[in-house]
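Commentary on secondary and tertiary structure
Residue strings, one per chain:
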Protein chains: 2
Amino acid sequence: MPKVSDQHLAARKGQILDGARHCFAQYGYEGATVRRLEEATGLSRGAIFHHFRDKDALFLALCHEDAQRMAEVAAEQGLVQVMRDMLARPEEFNWLGTRLEIARRLRTDPEFRAGWSQRSAELTAATLARLERRKAAGRLRDDVPTDVLLGYLDLVLDGLIARIASGHADDNLSGVLDLVEASVRRKS
Amino acid sequence: MPKVSDQHLAARKGQILDGARHCFAQYGYEGATVRRLEEATGLSRGAIFHHFRDKDALFLALCHEDAQRMAEVAAEQGLVQVMRDMLARPEEFNWLGTRLEIARRLRTDPEFRAGWSQRSAELTAATLARLERRKAAGRLRDDVPTDVLLGYLDLVLDGLIARIASGHADDNLSGVLDLVEASVRRKS
């Protein structure tokens, strides 16, 4: 396939993803109807579903895109920095509330759950790799297994997503994240 | 009003709340239609909405009931114990996933948000009172303001609710809660 087509394809996919992100943030998962996705992306349903099999596929692609971006930050600066970024620009992460809407499906729909797990594994891997590196450098507390520290940071991330989704991310969360960061660090 | 009527009224309200809890857990907020609420409670819509103005009122009453129960535990044993209880019997807290579905409404619907805040204030007050008591007893770390510790515990609770709602509460969360508990405690 010639290169110009690849570029066109990527641009079109990006246009769809950006529009869908706004649409999900505004209307939620159920409320993001095909008609609203058309409006938000400026494309016909035929064009949208040429690139993404269905709404689930579109949703999981957004999760994947976010996970990749977050994984880059997590690999370099850790998961707490990912959370600080979310706190600094909560409006960019409003769409994550959609993740909460689909929580019940994660519990009850094995196929959807499998697709989801695959896409969030990247962030977990990046976070774990950084934790191991910090452990090797003697910067991480060593009285708690690394997988518990990972589970801890993941749990706090889930809490932060819930908080941002409900518009309550404005209180004292910066200080809370300082505390979280300090509690995985080796006491000097 | 004679006492037997009061008892009848309380029993009927309890019957509605129990049925609604199951209905929300199974179908989610949107999916808990009036017809399904009738089936789950064994009562007619007339009977249900005689006791609760609408579905929002029913939902907020459930939140209130939970917050009261949790507040009792939080007042005596702290918010981490509340979380340990949730972890021990996640199936009883499945309905909390509904809380996540309404996150967007908390952000965008001031009236609903006000009703919600009023009902979750009880748990916050109980947790704060216990933290202050422990601080006075020298059991709480004193290098972090109490409101930050409260915000921290609240954030972890939100994460745990998200985790239970998506059926992922089975990993290493007991060890994670040990870590959370230790990180608000005064180092001896």
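One numbering rule holds for all chains: residues counted from 1, following each sequence as written. As a convention, the first chain written is A and the first ligand written is 1, with the rest following in written order. Owing to the predicted nature of the model, reporting of local features is limited to residues with pLDDT of at least 70; listing and counting of side-chain atom pairs is limited to 80 or more, with chain, interface and lining totals taken over all residues. Only hydrogens and water are set aside when side-chain values are computed; all heavy atoms of the structure are taken into account.

As recorded by an unreviewed UniProt entry, chain A carries the name TetR/AcrR family transcriptional regulator and is attributed to Skermania pinensis.

1. What about the relation of the copies chain B and chain A?
Superposition of the copies used a least-squares fit over C-alpha atoms from residues whose pLDDT is at least 70 in both. The two copies are related by a screw motion: chain B maps onto chain A through a turn of 180 degrees and a shift of 0.0 Å along the axis, at an RMSD of 0.0 Å. One copy is carried onto the other by what is essentially a two-fold rotation axis. Nearest to the rotation axis, the C-alpha of G159 of chain B is located 1.7 Å from it, this being the minimum over chain B. Here 100% of the interface residues in chain B have copies in chain A that are interface residues too; the copies meet face to matching face. Residue contacts are counted whenever heavy atoms from the two residues lie within 4.5 Å of one another.

2. Observations regarding the UniProt feature "domain: HTH tetR-type" (unreviewed entry) in chain A
UniProt positions are given in the numbering used here, feature names are shortened, and annotations may be inferred rather than shown by experiment. According to UniProt, the "domain: HTH tetR-type" (unreviewed entry) feature falls on residues 10–70 of chain A. Each helix is a run of H or I in the DSSP string that is no shorter than four residues. Each strand is a run of E no shorter than two, and both are numbered from the N terminus. Overall, residues 10–70 of chain A shows 87% helix and 0% strand. The separation of its end C-alpha atoms is 20 Å.

3. Describing the environment of W116 of chain B
Position of W116 of chain B relative to the elements: it lies in helix α8 (residues 110–136). C-alpha separation for the pair W116 of chain B and G138 of chain B, spaced 22 residues apart in sequence, amounts to 33 Å.

4. A few points about the interface of chain B and chain A
Interface extent is often summarised as the accessible area lost during association of the parts. Tallying the contact residues gives 39 residues for chain B and 39 residues for chain A. Regarding the contact of chain B and chain A, the summed buried area is about 3,400 Å², with carbon and sulfur atoms giving 61% of it. Taken as a group, R107, L155 and L179 of chain B account for 20% of the area that chain B buries against chain A, more than any other trio of residues on that side. Think of a salt bridge as a Lys or Arg side-chain nitrogen and an Asp or Glu carboxyl oxygen that are within 4 Å of each other. At the surface where chain B touches chain A, the tally comes to 2 salt bridges. Here D158 of chain B ties to R163 of chain A by a salt bridge, and the two come within 2.9 Å at their closest N and O atoms. Pairs of N or O atoms are called polar contacts if they sit within 3.5 Å, as long as, within protein, a hydrogen donor faces a hydrogen acceptor (for residues adjacent in sequence, only side-chain-to-side-chain pairs). Linking chain B with chain A are 7 residue pairs in polar contact (both at pLDDT 80 or more). When residues of the side of chain B that touches chain A are assigned to their parent elements, the largest contribution, 15 residues, is made by helix α9 (residues 146–165) of chain B. Just so you know the grouping, Ala, Val, Leu, Ile, Met, Phe, Trp, Tyr, Cys and Pro go in nonpolar, Asp, Glu, Lys and Arg go in charged, and all remaining residues, Gly too, go in polar. Along the lines of polarity and charge, the residues of the side of chain B that touches chain A split into 18 nonpolar, 11 polar and 10 charged. In short, buried area is how much 1.4 Å probe accessible area vanishes from two parts on joining, totalled over both.

5. Some points on helix α10 (residues 173–184) of chain B
The end-to-end C-alpha distance of α10 of chain B, which contains 12 residues, comes to 17 Å, matching closely the 16 Å that a straight helix rising 1.5 Å per residue would cover. Each residue gets one of three labels from its accessible area relative to the maximum for its type: buried under 20%, exposed over 50%, partly exposed in between, using a 1.4 Å probe on protein chains only. Where α10 of chain B is concerned, the buried positions are L173, V176, L177, L179, V180, S183 and V184 of chain B. Buried positions in α10 of chain B, seen along its axis, are confined to an arc of 155 degrees and lie on one side of it. Residues of α10 of chain B that are buried sit in contact with α9 (146–165) and α10 (173–184) of chain A together with α5 (79–88) and α9 of chain B. By this rule the span expected of a helix is its residue count minus one, scaled by 1.5 Å. Think of the arc as the fan of directions from the helix axis to the C-beta atoms.

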